[in-house]
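# Geometric and topological summary
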Amino acid sequence: MKITVIGSGYVGLVSGTCFAEMGNRVTCVDIDPVKIEKLNQGILPIFEPGLETMVLKNVKNENLFFTTALDKALQNTDIAFIAVGTPMGEDGAADLQYVLAVAKSIGQAMQKRLIVVNKSTVPVGTADQVKEIIQQELEARNSDVQFAMVSNPEFLKEGAAIDDFMKPDRVVIGADSESAIQKMKELYVPFFRAHDRFITMDIRSAEMTKYAANAMLATKISFMNEIANICERVGADANQVRIGIGSDQRIGYSFIYPGVGYGGSCFPKDVKALTQIAQENGYKAQLITAVAEVNKAQKLVINQKIKTHFGEDLTGFTFGIWGLAYKPGTDDMREAPAIDVIKELVRKGAQIKAYDPKATDQAKEHYLKGVQNITYIASKYAVLKDADALVLLTEWKEFRSPDFEEMKAQMKSAVIFDGRNQYLAYDMKNKGFEYYRIGK
């Protein structure tokens, strides 16, 4: 099948590459010529485990192409995916300018019958806007070319996106055209064997499904963090409570680990956007609003523990930071708790030494650019040299079983503030550490 994916960011690049892996001929389009030039040189704009190898393989096999020329890409395309960003606007709503601009470009360029698929995360009703804009452009040039509109939300986890796409839990298709549904099924059949994973519905329900899924997962995280904060005040252990409730199959263990809160490109943006969608339609989403408020406060819970231990004024204290990315397996720092934690430590006078296996450049060039008193170190143990404490903020695997003796040898004082509850299995007191974690 011939596919065009418009937008070569995280969703577009992963989706296009995985479609190519199954033998489809895929052209990824982007308006950024520098990005396209680098992609044609084999240089990826993002880090995602397994993606670079798959991109290079499919480019070599001539299944995957990169270009800035949308009109040429659409000449022989069966399906065009819209996979551009929908950043959060000032009011919390999704900014649709890029999606709508792509719709206009499609209407101006398409020459044959086409299935237009929106894979960007968009508010309910966006497909109607996209359809209207394409139709207006077709009419403006007196074209009677037909097209079908489809919503196909993505459910990719950063750090595991390749597995998520190649072995999906479900594929959600929103469409009002039976022929478009069958075409989409043909495209996705190689990715799953159980047909109940292919879920069809109306377009608006598909658009809502993406927001509902992310809001539900964010709710579980904020709920467990709220429980953890209560546990600290009543003398309970949030981790033991987690085990107790997670054993209930109706609840499960996923997304109920207490910590410093969620971040990334999806949960913060989608939770706020869903709140805005509700408000625009005359409803106050109280629970979803609270989810965001709890998460905002949770990012600084670890700072309160630090101030309780060292005092309000942190001048003269040095903290080693393990982890900058919002989660392991990615270099993404969008809304990462590390940003808030580090800025607050610096505001209180602290010196910071930071290490992350993938996200250091993102911190330097974007998310912590201009923040004073930060030194980036290339080794997790070197970060700890003369540190008054370690603050762990991302649960990278290399942090799970460290050399505690080496840590103590480097540190000025053996103190750990564990924002991801990594060392529950260890007797940290016996290892000679003062140990503070979330929910205890």
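The paragraphs below set out a description of the structure included in this document. Numbers given for residues are sequential positions, taken from 1 along each chain in its written order. A pLDDT threshold of at least 70 governs which residues receive local features in this predicted model, and a stricter bar of 80 or more applies before side-chain atom pairs are shown or counted, although totals over entire chains, interfaces and linings include all residues. Side-chain measures were taken over the full set of non-hydrogen atoms in the model, leaving aside hydrogen atoms and water.

Only DSSP runs of H or I with at least four residues qualify as helices, and only runs of E with at least two residues qualify as strands; both kinds are numbered from the N terminus onward. Looking only at helices and strands, the protein has 16 helices and 14 strands in total. By its C-alpha atoms, the protein is 75 × 45 × 40 Å across when sized along the principal axes. When a residue's accessible area, from a 1.4 Å probe over protein chains only, is under 20% of the maximum for its type it is buried; when over 50% it is exposed; and in between it is partly exposed. Within the span of the protein, comprising 440 residues, buried residues form 53% of the whole. Contacts spanning at least 24 positions in sequence make up 75% of the contacts within the protein whose residues lie at least 6 apart. Surface accessibility follows the Shrake-Rupley procedure with a 1.4 Å probe radius. Residue values consider only the protein chains on display as shielding. Surface accessibility of the protein: about 20,100 Å² in total, with carbon and sulfur atoms responsible for 49%. Within the protein, one finds 53 positive and 55 negative side-chain charges whose respective centroids are separated by 3 Å. Residues are treated as being in contact if the distance between any of their heavy atoms lies within 4.5 Å. Neither His nor the chain ends contribute to the count of charged residues, in which Lys and Arg are positive and Asp and Glu negative. Each charge is placed at NZ for Lys, CZ for Arg, CG for Asp and CD for Glu.

The subject of this paragraph is the nonpolar core. Nonpolar side chains in soluble globular proteins tend to end up buried together. Only buried Ala, Val, Leu, Ile, Met, Phe, Trp, Tyr and Cys residues count toward a nonpolar core, and they belong to the same one when joined by side-chain atoms within 4.5 Å. By size, the foremost hydrophobic cluster in this structure holds 53 residues, and its most contacted members are Phe319, Leu324 and Met407. Contributing elements (two or more residues each) for this core: α9 (203-234), α13 (301-310), β9 (318-322), α14 (337-347), β10 (351-355), β12 (389-392), α16 (404-410) and β13 (415-418). Take this core: its biggest share by element is six residues, from α14. Setting aside anything within four residues of it in sequence, one finds Leu324 in contact with Met333, Ala336, Ala338, Ile342, Ala354, Asp356, Ala359, Thr360, Ala363, Leu368, Tyr376 and Thr394.

A few words on the sheet that holds β9. Spatial strand order, β11-β10-β9-β12-β13-β14: six strands in an open sheet with parallel pairing. Two strands close off the open sheet at either side, each with one partner strand: β11 (374-376) and β14 (434-437). On average, each strand axis in the sheet is inclined to that of its neighbour by 20 degrees, with strand direction left out of account. Relative to β12, β9 runs parallel, the two sharing four bridges. Paired with Phe319 across the bridge in β12 is Ala389. In short, DSSP must find at least two bridges between two strands for them to pair. Working convention: axes come from line fits to C-alpha atoms, limited for helices to the stretch in contact. Angles between N-to-C directions cover 0 to 180 degrees.

Across the sheet, which stays open at both edges, the eight strands sit in the order β3-β2-β1-β4-β5-β6-β7-β8 with mixed pairing between neighbours. At either margin of the open sheet sits one strand with a lone partner, and together these are β3 (64-67) and β8 (198-201). Between one strand and the next, the sheet's axes are offset by a mean angle of 25 degrees, whatever the strand orientation. Taken together, the five bridges between strand β1 (residues 2-6) and strand β2 (residues 25-29) define a ladder with parallel strand orientation. Following the sheet pairing, Thr4 is matched in β2 by Thr27. Sheet strands touched by helix α6 (residues 126-140): β4 (79-82), β5 (114-118) and β6 (147-151). Its angle to β6, the strand with the most contacts, is close to 160 degrees. Where α9 meets the sheet, it contacts β6, β7 (171-175) and β8, and its direction lies at approximately 145 degrees from that of β7.

Side-chain direction in a regular strand flips from residue to residue, so the side chains alternate between the two faces of the sheet. Counting buried positions along β7 gives five out of five residues, so the element sits mostly inside the fold. Taking every second residue as pointing to the same face, both faces of β7 are buried, with Val171, Ile173 and Ala175 on one and Val172 and Gly174 on the other. In the sheet, β6 pairs with β7 via two bridges, with the strands oriented antiparallel. Pairing of Ser151 across the sheet is with Gly174, part of β7. Taken together, the four bridges between β7 and β8 define a ladder with parallel strand orientation. If you follow Ile173 over to β8, its bridge partner there is Thr200.

Moving on: the side chain of Thr126. With respect to the secondary-structure elements, Thr126 resides in helix α6. If near-sequence neighbours (up to four positions away) are discounted, Thr126 is found in contact with Leu96, Val99 and Glu207.

Below, the discussion takes up the pattern of salt bridges. Definition used for salt bridges: Asp or Glu carboxyl oxygen within 4 Å of a side-chain nitrogen of Lys or Arg. Summed over the entire model, instances satisfying the criterion amount to 19 salt bridges. For Lys305, the salt bridge is made with Glu232, and the minimal N-O distance between the two is 2.8 Å. With Lys305 in helix α13 and Glu232 in helix α9, this pair connects stretches of sequence that are 73 residues apart. Shared partners join several salt bridges into a network, and the residues in it are Glu158, Asp332 and Arg334.

Backbone phi values are negative for most residues with the exception of glycine, while trans is the configuration of most peptide bonds. Of note, the phi angle at Glu335 is positive, near 60 degrees, even though the residue is not glycine. For Asn421, which is not glycine, the phi torsion reads 50 degrees and is therefore positive. Mapped onto the elements of the fold, Asn421 is located in the loop between β13 and β14. A relative accessible area of 9% places Asn421 in the buried class.

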